[in-house]
There are 2 protein chains.
Amino acid sequence: MTTFNSAEAYAPASMGNVGVGFDILGLAFCEPGDIVRVERRLDGTDIVIESIEGDGGVLPRDAAKNTASVAVKAFLKMIDASSGVCISLKKGLPLSSGLGSSAASAVAAVVAVNALFGEPLSCEELLPACLEGEALVSGYHADNVGPSLLGGITLITGTSIQDIYRLPVPENMHFALITPNIAVPTVEARAVLPQMISLKQMVSQTGAVARLIDALYRNDLQAVVQAMESDEVVEPARAMLMPLLNEARTLAKQKGALGLVISGAGPTLCAVCDSSKTAVHVADALQGLYDEAKIGGVARVTKVDQTGARVLNVL
Amino acid sequence: MTTFNSAEAYAPASMGNVGVGFDILGLAFCEPGDIVRVERRLDGTDIVIESIEGDGGVLPRDAAKNTASVAVKAFLKMIDASSGVCISLKKGLPLSSGLGSSAASAVAAVVAVNALFGEPLSCEELLPACLEGEALVSGYHADNVGPSLLGGITLITGTSIQDIYRLPVPENMHFALITPNIAVPTVEARAVLPQMISLKQMVSQTGAVARLIDALYRNDLQAVVQAMESDEVVEPARAMLMPLLNEARTLAKQKGALGLVISGAGPTLCAVCDSSKTAVHVADALQGLYDEAKIGGVARVTKVDQTGARVLNVL
């Protein structure tokens, strides 16, 4: 097995649900993303977290409790290696923001350590190790790990690689994201969901998901966004956790967006636009909305990341 | 307005649900189908049912109570005509069998009467009149009327023509149908459905519907059928109304079918095969199964009707 001394990888942010596709759809954003650097340890066989930047000191430095190191440990077990590895994590993603932060760290770490060992596993084979890391924080689920690892828009119906389907990405799909300065822990966003729904709601939800997949294949961005917004189950339950949701949607549409949905469990909101110019206008307007309301937040403009996680360098 | 003396039209049978797509998917079968002949009345302005063949005398001859005549009446109102029309109906479809019998009669009648008046309306514009007829028996819903009128595999998310989407039809999609000699009234098949389902079931159901649409676009028949069969809500509730359902599925698969689902509200079962030869084998086996069980039934082999309802002749 060829091994290197160090490797660095990038994994993109992602949006679970993509509106109406609760727990079955995910989408990778070009940015933001996390960068993980791993180094072979010459002085021990443990996994050590050397540094974390950009998390405001919040993430655990204990390797047993960090999503990146737990994922690396699972990878090393898969390839039956008991090497020592040092991990340095640069968080580009805000935490608990509905952008798949823990998934991006786990994915970047696994892609980096796979490169460190000369890529013994294919990209697809890395999924279980990434899921082990993600499970520590968000449960054993691939709706962020899948798109962050593979890129694109993905349908996720299980936790094996054969349960993840790449869907077509419409041309000219641009996003304006606003991440308000509030925390919405995923556990809280899950707690407000109804445990039971009516059969009629199921029909509405399956119909909207079907329209979404159909519209993706027909490259009909307007129909895609209309379907994304047709969620009658999850968004209504979570709306109260998202300050200014309705105002943000109305404003985004006034500025030319085709629609707006909650990214994952929120609080990030994602407006979909048909040009980068419109996305910039919408992002500016959303930033203004949250600033004026004294909530504040970070606005971003991005697109679908078609590549997924990638190695930045190997030495 | 050009008018003729008589016109005859054919409308195909259809399968609501297509497995997992409860109340949102429908599919037209090449056969069986209903034929309706309409004639201009020279002796009155009423709508009269002249004859019905093939129904065993069960269907109402009263024009106010028959799906075909009610649909014709709605059509005549749409074009603002108050002509008298005679209707002759040849039922090719068994009643209450899960093959869209009432829809086929309504659709054939409307397509025929539209031809009688020189086709003042487009095929799509005929939908509301067809729905009026269907509503008399099965509720105002387009899951059988849509495919019977338009052909193909359709996604139906409402009762307007813009809520009906044609989906791709996989190559080599062949069916073996068995209609056991038992009646399962739609109202009874609806009564057994759960009113509430869990959020987890919704996720499973939306995921399976998404896989189905994706597989149709990818022309992957095996994945299509696997998704069709992944219904965890409706089929389990209705299974007790369908004698030998599990045995029929097992037998069909032994004979080479890719899978088997309940057609609409049943009792017809639909096995999906990848060749006409296999479909013939499977149909024979299913016929044998129900004959041996002293239930009896009618087995058929068919394909997707891509055309939908059509005019047979105009004089």
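Residues numbered from 1 in each chain as written. Chains lettered and ligands numbered in written order. Predicted model: local features only at pLDDT ≥ 70, side-chain atom pairs only at ≥ 80, totals over all residues. Heavy atoms only, no water.

1. Notes on the interface of chain A and chain B
This is how the line gets drawn: In what follows, a contact means two residues having at least one pair of non-hydrogen atoms within 4.5 Å. Summed over both partners, the accessible surface that disappears when two parts come together, traced with a 1.4 Å probe, is what is meant by buried area. The term salt bridge refers to a side-chain nitrogen of Lys or Arg lying within 4 Å of a carboxyl oxygen of Asp or Glu. In protein, a polar contact requires one atom able to donate a hydrogen and another able to accept it; more generally it is a pair of N or O atoms within 3.5 Å, and residues adjacent in sequence count only if both atoms are side-chain atoms. Secondary structure elements are taken from DSSP: a helix is a run of H or I of four residues or more, a strand is a run of E of two residues or more, and numbering for both begins at the N terminus.
Each side of the interface is counted separately: chain A has 28 residues, and chain B has 27 residues. Approximately 2,500 Å² of surface area, both sides summed, lies buried where chain A meets chain B, with 78% of it carried by carbon and sulfur atoms. Looking at the side of chain A facing chain B, the largest losses of area belong to Leu199(A), Met202(A) and Tyr217(A), adding up to 22% of the total buried there. Here chain A is connected to chain B by 0 salt bridges. Our count for the contact surface shared by chain A and chain B stands at 5 residue pairs in polar contact (both at pLDDT 80 or more). For the side of chain A that touches chain B, the secondary-structure elements that each account for two or more residues are β6 (164-167), β8 (196-198) and α6 (199-217) of chain A. The element contributing the most residues to the side of chain A that touches chain B is α6(A), with 12 residues.

2. So, the relation of the copies chain A and chain B
Relating one copy of the chain to the other requires a rotation about an axis plus a shift along that axis. Worth spelling out the cut-off: Each copy is superposed on the other by least squares, with the fit set by C-alpha atoms of residues at a pLDDT of at least 70 in both.
For these two chains of identical sequence, chain A goes onto chain B by a turn of 180° and a shift of 0.0 Å along the axis, with RMSD 0.0 Å. The relationship between the two copies is best expressed as a two-fold rotation axis. For chain A, the smallest separation between a C-alpha atom and the rotation axis is recorded for Thr206(A), amounting to 2.5 Å. Most of the interface of chain A is mirrored in chain B, where 96% of its interface residues are also at the interface.

3. Some remarks on helix α10 (residues 276-292) of chain B
Residues and elements named next belong to chain B. This is how the line gets drawn: Working rule for helices: expected span equals 1.5 Å times residues minus one. Only protein chains enter the calculation, and the probe is 1.4 Å; a residue is then buried if its accessible area is under 20% of its type maximum, exposed if over 50%, and partly exposed in between. Starting at the helix axis, one direction is taken to each C-beta atom, and the arc is that of these directions.
Here α10 spans 24 Å end to end across 17 residues, near enough to the 24 Å set by a 1.5 Å rise per residue. Among the residues making up α10, those that are buried are Thr-278, Ala-279, Val-282, Ala-283, Ala-285, Leu-286, Leu-289 and Tyr-290. Taken end-on, α10 shows its buried residues confined to a sector of 170°, consistent with a single buried face. Turned more than 90 degrees off the buried face of α10, the exposed positions are Lys-277, Asp-284 and Glu-292. On its buried face, α10 sits against β7 (174-180), α9 (245-254), β9 (259-262), β10 (269-273) and β11 (297-303). Looking one or two places after α10, you find Lys-294, whose phi comes out positive at around 60°.

4. Quick look at the side chain of Ser263(B)
Residue and element names in this part refer to chain B. Within the element layout of this structure, Ser-263 appears in the loop between β9 and β10. Ser-263 gets classed as buried once you look at its relative accessible area, which sits at 0%. Separated by 2.7 Å, the side chain of Ser-263 and the backbone oxygen of Gly-98 make a polar contact. Filtering out sequence-adjacent residues up to four positions away, Ser-263 remains in contact with Ser-14, Met-15, Gly-16, Phe-29, Gly-98, Leu-99, Thr-268, Leu-269 and Cys-270.

5. Observations concerning the packing of aromatic side chains
Each aromatic ring pair is summarised here by two numbers: the centre-to-centre distance and the angle between the ring planes. Stated formally: Centre distance within 6.5 Å is the pairing criterion for rings of Phe, Tyr and Trp, where only the six-membered ring of Trp is used; planes under 30 degrees apart are then read as stacked, over 60 as edge-to-face, and the remainder as tilted.
Counted according to the given criterion, the structure contains 5 aromatic pairs over all chains. Centre to centre, the rings of Phe29(A) and Phe175(A) are 5.1 Å apart; their planes meet at 80°, and the pair counts as edge-to-face. Of this pair, Phe29(A) sits in strand β2 (residues 25-40) while Phe175(A) sits in strand β7 (residues 174-180); the two residues are 146 residues apart in sequence, bridging distant segments of the chain. By the burial criterion, Phe29(A) is buried, and Phe175(A) matches it. Arranged with centres 4.6 Å apart and planes meeting at 5°, the rings of Tyr217(A) and Tyr217(B) form a pair that is stacked.

6. Some thoughts on helix α6 (residues 199-217) of chain B
Residue and element names in this part refer to chain B. With 19 residues, α6 extends 27 Å from end C-alpha to end C-alpha; this agrees with the ideal 27 Å at 1.5 Å per step. Among the 19 residues that make up α6, 15 are buried, leaving the element largely enclosed by the rest of the structure. Looking one or two residues beyond α6, the residue adopting positive phi is Asn-219, at roughly 55°.

7. Side note on the environment of Gly308(B)
Along the chain, Gly308(B) turns up in the loop between β11 and β12 (310-314). When neighbours within four sequence positions are excluded, Gly308(B) is seen to be in contact with Pro12(B), Pro147(B), Ser148(B), Leu149(B), Leu150(B) and Gly151(B).

8. What to know about the domain arrangement of chain A
Residues and elements named next belong to chain A. Going by this rule: Source of the domain bounds: an automatic or database domain assignment. When residues are sorted by character, Ala, Val, Leu, Ile, Met, Phe, Trp, Tyr, Cys and Pro go into the nonpolar class, Asp, Glu, Lys and Arg into the charged class, and all the rest, Gly among them, into the polar class.
By the assigned domains, chain A splits into domain 1 (6-167) and domain 2 (174-302). Its C-alpha centre places domain 1 at a distance of 25 Å from the equivalent point of domain 2. With 25 residues of domain 1 at the interface, the matching set in domain 2 holds 31 residues. At the boundary of domain 1 with domain 2, total buried surface from both sides reaches about 2,000 Å², with 67% on carbon and sulfur atoms. For the pair domain 1 and domain 2, the interface holds 1 salt bridge. The salt bridge partner of Asp-23 is Arg-190, with a shortest N-O separation of 2.6 Å. The set of elements that each furnish at least two residues to the side of domain 1 that touches domain 2 consists of β1 (6-16) and β2. With 6 residues, β2 is the largest single contributor of residues to the side of domain 1 that touches domain 2. Among the residues forming the side of domain 1 that touches domain 2, the class breakdown is 14 nonpolar, 9 polar and 2 charged.

9. Quick notes on the side chain of Gln205(A)
As for its placement among the helices and strands, Gln205(A) is situated in helix α6. Among all residues touching Gln205(A), those that are not within four sequence positions of it are Val20(A), Ser230(A), Asp231(A), Glu232(A), Val233(A), Met202(B) and Thr206(B).

10. Description of the sheet that holds β7(A)
Residues and elements named next belong to chain A. Counted only if it meets this: For two strands to be treated as a pair, DSSP must find at least two bridges joining them. Each axis is a line fitted through C-alpha atoms, and for a helix only the stretch in contact is used; angles between axes span 0 to 180 degrees, taken between their N-to-C directions.
Ordered in space as β9-β10-β7-β11, the 4 strands form an open sheet in which the pairing is antiparallel. Two strands bound the open sheet, and with one partner strand each, they are β9 (259-262) and β11 (297-303). The average undirected angle you get between the axes of adjacent strands in this sheet is 20°. Here 4 bridges tie β9 to strand β10 (residues 269-273), and the two strands are oriented antiparallel to one another. Within β10, the residue paired with Gly-259 across the bridge is Val-272. With respect to the sheet, helix α7 (residues 221-228) is in contact with β9 and β10, its orientation differing from that of β10 by roughly 155°.

11. Here's the deal with the packing of α6(A) against α7(A)
Residues and elements named next belong to chain A. Stated formally: Orientation is classified from the angle alone, with under 35 degrees giving roughly parallel, over 145 giving roughly antiparallel, 65 to 115 giving roughly perpendicular, and any other angle giving oblique. What makes a crossing left-handed is the near helix being turned counterclockwise from the far one by less than a right angle; a clockwise turn instead makes it right-handed.
It is the contact of α6 with α7, at a shortest axis distance of 8 Å, that shows an interaxial angle of 160°. Of the possible angle classes, the one that applies to α6 and α7 is roughly antiparallel. Here the hand of the crossing between α6 and α7 comes out left-handed. Residues Ala-208, Arg-211, Leu-212, Ala-215 and Leu-216 of α6 pack against Ala-223, Val-224, Gln-226, Ala-227 and Met-228 of α7. The class makeup of the residues in the contact of α6 with α7 is 8 nonpolar, 1 polar and 1 charged.

12. Description of the pairing of β9(A)
Residues Gly259(A) and Val261(A) of β9(A) are buried on one face, and the alternating residues Leu260(A) and Ile262(A), pointing to the opposite face, are buried as well. Between β9(A) and β10(A), which pair antiparallel one after the other, the connecting turn spans 6 residues, and Gly264(A) there sits at a positive phi close to 55°.

13. Side note on the pattern of salt bridges
All names here are of chain A. If you walk through the whole model with that rule in mind, you get 22 salt bridges over all chains. The salt bridge partner of Arg-218 is Asp-214, with a shortest N-O separation of 2.9 Å. The network of salt bridges with shared partners includes Glu-229, Glu-235, Arg-249 and Lys-253.

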